[in-house]
Amino acid sequence: MNTTTTQPSGAGTGSPANEMRRGSLPNHFPAMLLASCAAVVAGILLAFSSFGFLLWGLLTAVAYVVIIATASARVEGGRKAKDRLVTAVVYGCFLVAMLPLVSVLWTVLRNGIVRFDGYFLSVSMSGVLPSMDAGGVYHAIVGTLAITGMATLISVPIGVMTAIYLVEYAEGRLKRIIIFFVDVMTGIPSIVAGLFVVALWMILFGPGETNGAAGAIALSVLMIPVVVRSSEEMLRLVPQDLREASYALGVPKWRTITRVVLPTSAGGLTTGIMLAIARVIGETAPLILTTGSSATAINWNLFDGQMMNLPVFIYSQVRMGGAVNYERAWAAALTLILVVMLLFFLARIIGRMFAPKTR
Amino acid sequence: MTTTDAPEAAPPPTGKRRIGDVAFAGLARGSGLLILLILAGVAAFLVIQAWPSLTANTANFLASTEWDPNVREEPAFGVAALAFGTVLAAAIALLLATPVAIGIALFIVFYAPRRIASVLGYLVDLLAAIPSVVYGLWGIGFLAPELVPVYQAMVRYLGWIPLFSGPASTSARTMLTAGVVLAVMILPIITAMSRDVFQQTPQGHREAALAMGATRWEMIRLAVLPFGKSGVIGGAMLGLGRALGETMAVAMILSPALIVSWDLLQSGNQTIAAHIALQYPEATGYGVSALIAAGLVLFAITLIVNMAARYVVSRGSKES
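Structure report, in brief.

Definitions and limits used
Residues numbered from 1 in each chain as written. Chains lettered and ligands numbered in written order. Predicted model: local features only at pLDDT ≥ 70, side-chain atom pairs only at ≥ 80, totals over all residues. Heavy atoms only, no water. Helix = DSSP H or I, 4+ residues; strand = E, 2+ residues; numbered from the N terminus. Buried < 20%, exposed > 50% of the residue type's maximum accessible area, 1.4 Å probe, protein only. Contact = heavy atoms within 4.5 Å. Areas by Shrake-Rupley, 256 points an atom, 1.4 Å probe, with all protein chains shown as cover. Lys, Arg positive; Asp, Glu negative; His and termini not counted. Charge placed at Lys NZ, Arg CZ, Asp CG, Glu CD. Buried area = accessible area lost by both parts, 1.4 Å probe. Salt bridge = Lys/Arg side-chain N within 4 Å of Asp/Glu carboxyl O. Polar contact = N/O pair within 3.5 Å; in protein donor to acceptor, adjacent residues only side chain to side chain. Nonpolar A, V, L, I, M, F, W, Y, C, P; charged D, E, K, R; others polar. Core = buried A, V, L, I, M, F, W, Y, C linked by side-chain atoms within 4.5 Å. Domains from an automatic or database assignment. Patch = residues over 30% accessible without salt bridge, like charges linked within 9 Å, V, L, I, M, F, W, Y side chains within 5 Å. Expected span 1.5 Å × (residues − 1). Bend = angle between axes of the 7 residues up to and from the residue.

A word on the overall build of chain B
Summing up its helical and strand segments, chain B has 10 helices and two strands in all. Written out in order from the N terminus, the α and β elements of chain B read α-β-β-α-α-α-α-α-α-α-α-α. Counting only C-alpha atoms and orienting by the principal axes, one finds that chain B spans roughly 65 × 65 × 30 Å. Within chain B, the proportion of its 320 residues that are buried is 53%. Counted over contacts in chain B with a minimum sequence separation of 6, partners at least 24 positions apart contribute 72%. Of the roughly 13,900 Å² of accessible surface on chain B, a fraction of 64% belongs to carbon and sulfur atoms. Averaging the coordinates of the 18 positive side-chain charges in chain B and doing the same for the 16 negative ones gives two points 13 Å apart.

Written as structure tokens, this is what we have:
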């Protein structure tokens, strides 16, 4: 075991043989050290009566990293110390990423719950002045459902059919071109999709025309590539044997696709589509340009007049800037997040229910 | 020509082609072509509608920093300040997000307990599920007030660095705040790409490193990072593309000014996307057309960044 020939890096201190004889820190040492660092730092901060969770976490992390690195360098040598240091940093990275997630969800919940009730969800802002202590988001929910629904109706057929083309039919150059441009389309900034519809509408209907359909088309531009990518992946999971069994029975290719391939991948396709909906339902920038941001009444007609929706509602309330407006914005944000989370969990459940079919 | 390697290229039943087959294949092909058409349409309509203002513009569109297109005659506008702000905000976001994202990806693939690793990955993906307008609301309603004392401390102790020169904004509605929020928003995409390539590191390389007595970090440095480099770079560039085009977080947080300024702790600067969202409702005269021209610049920048990212990623996966 203790041959001295190969050592992967020159990070060690002392000769390799020396390194083998070094001791190692006990297994539970990091956990104990972390706990004691946290306790000591909390004690010091409380003594100076300047306790804050962020400060506490930060100082604990610094103390832990310094102590474990020096302790390990003393007992285990430089290479092990570096390893322990990196381990601490990598854990820290993950915790740092969780901070904004927890913070966003917590602030939205805490501030949104103030106004979030049956009244808020069931009335519109029609006849409500911005500073009045009244009004709700019903009209925005209606708009979000209508616009996202229409965007889904446009995107799903185009997206799924393109995926079918890429998986079942396409070959050679055209296939590569379409795959490349679907990737490019994924990267279109949402505001540019909005501007595209503005430009199109100016040519078709003249300037200043805003309605729900324009928003739906802008969202479709963003949604189609997402649907294509996820559907393509799902269709590729369908075993080739199933297709060949179908061909062997003399079933034509298009019947094979509609009767064998699509039903087999139905669960995955639905999951992908719901994730795509969740992705675009919170899009704001294109809707500010296309559906207008001043509608206050309930409007079910996609082709006539401005149409409020949840993201734009949040934005326009923030722009008004009063205390009541902020309360409304938070409550609407809570509504929007609940809708998105619901879609996410439904997608997970559907995906899990249908997933084993292919294996 | 390349039919042999494609698994889906199994020969359909021979004989004469049925009408259903022809129609269905046509429909599928038509959808694919429609996507190309839509993309071409995006570029074409933007150019058509931007043209009137660009030809009427009396200032240099690429070099000027003023924005005065809302008139019937002699509009003068340029995207220099906006383009600078866009790149600056995205660069801050990228610098903050990339190291953390690599750390998270390493954590999920190599450090987290196997059983909960996928759940932890799902938590990071949830960051991508939060709508941008909610991030904006969080940024202005919660984060910015919290950052005011931090910025004051930074000015006091780090003020000698030109980027952090004071006086610090009293509302913290600055470029750095916007950059922090953008960093959070692009974290999931960089993490996801890095995770994918780290997971593909050949088992043999990893075990060889460990068998030679390497610690976990040495294994990562010797086997994983060199293998995953192109994937991480590609992921970072996709994140950059996202950050360049992100509208709402910047529009709601930043207190804008059309200037070219490196002072991250003072209000000022503006990005193309946020400028479009804020100016559009008030645009008259050549205003809308000028905003479309600005959007065209943004489209071009993101297009180049995204294409470069795809190129880096695909070249990396071919090498392995």
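Picking up where we left off.
With respect to unusual backbone geometry
Residue and element names in this part refer to chain B. You will see that Ala172, though not glycine, has its phi angle at about 60°, which is positive. Among the structural elements, Ala172 can be located in the loop between α4 (132–158) and α5 (175–199). Taking relative accessible area as the criterion, Ala172 reaches 0% and is therefore assigned buried. Positioned with a positive phi, Asn269 is a non-glycine residue whose angle comes to about 65°.

Focus: the interface of chain B and chain A
Contacts between the two partners involve 87 residues from chain B, matched on the other side by 95 residues from chain A. A buried area of about 8,200 Å², summed over both sides, lies between chain B and chain A, and 77% of it is on carbon and sulfur atoms. Connecting chain B to chain A are two salt bridges. Residue Glu218 of chain B is joined to Arg79 of chain A by a salt bridge in which the shortest nitrogen-to-oxygen separation is 2.8 Å. At the surface where chain B touches chain A, the tally comes to 10 residue pairs in polar contact (both at pLDDT 80 or more). For the side of chain B that touches chain A, the element with the most residues is helix α1 (residues 19–56) of chain B, which contributes 21 residues. When its residues are assigned to classes, the side of chain B that touches chain A shows 62 nonpolar, 17 polar and eight charged.

Focus: the side chain of Ser265 of chain A
Structurally, Ser265 of chain A is set in the loop between α11 (253–264) and α12 (266–281). For Ser265 of chain A, a relative accessible area of 4% puts it in the buried group.

So, the nonpolar core
In terms of nonpolar packing, the biggest core is built from 200 residues, with Ile191 of chain A together with Ile104, Phe110, Val134, Tyr135 and Phe198 of chain B touching the most fellow members. If one sorts the elements of this core by residue count, helix α2 (residues 80–111) of chain B sits on top with 18 residues. The two domains that each donate at least three residues to this core are domain 1 (16–112) and domain 2 (122–358) of chain A. What Val134 of chain B contacts, discounting residues up to four positions off in sequence, is Val104, Val108, Ala333, Leu336 and Ile337 of chain A. Within the second largest apolar cluster, five residues are counted, among which are Cys37, Tyr64, Ile68 and Ala88 of chain A.

Some words on a nonpolar patch on the surface
Residues Val102, Trp106, Leu109, Ile113 and Val114 of chain A make up a contiguous nonpolar surface patch of roughly 500 Å² in combined accessible area. Inspection of the secondary structure assignment puts Leu109 of chain A in helix α4 (residues 78–112).

Quick notes on α2 of chain B
Residues and elements named next belong to chain B. Between its first and last C-alpha, α2 extends 45 Å over 32 residues, near the 46 Å set by a 1.5 Å rise per residue. Within α2, the axis deviates most sharply at Ala97, by approximately 30°, and proline Pro99 lies no more than four positions further along. The element α2 is extensively covered by neighbouring structure, given that 23 of its 32 residues are classed as buried.

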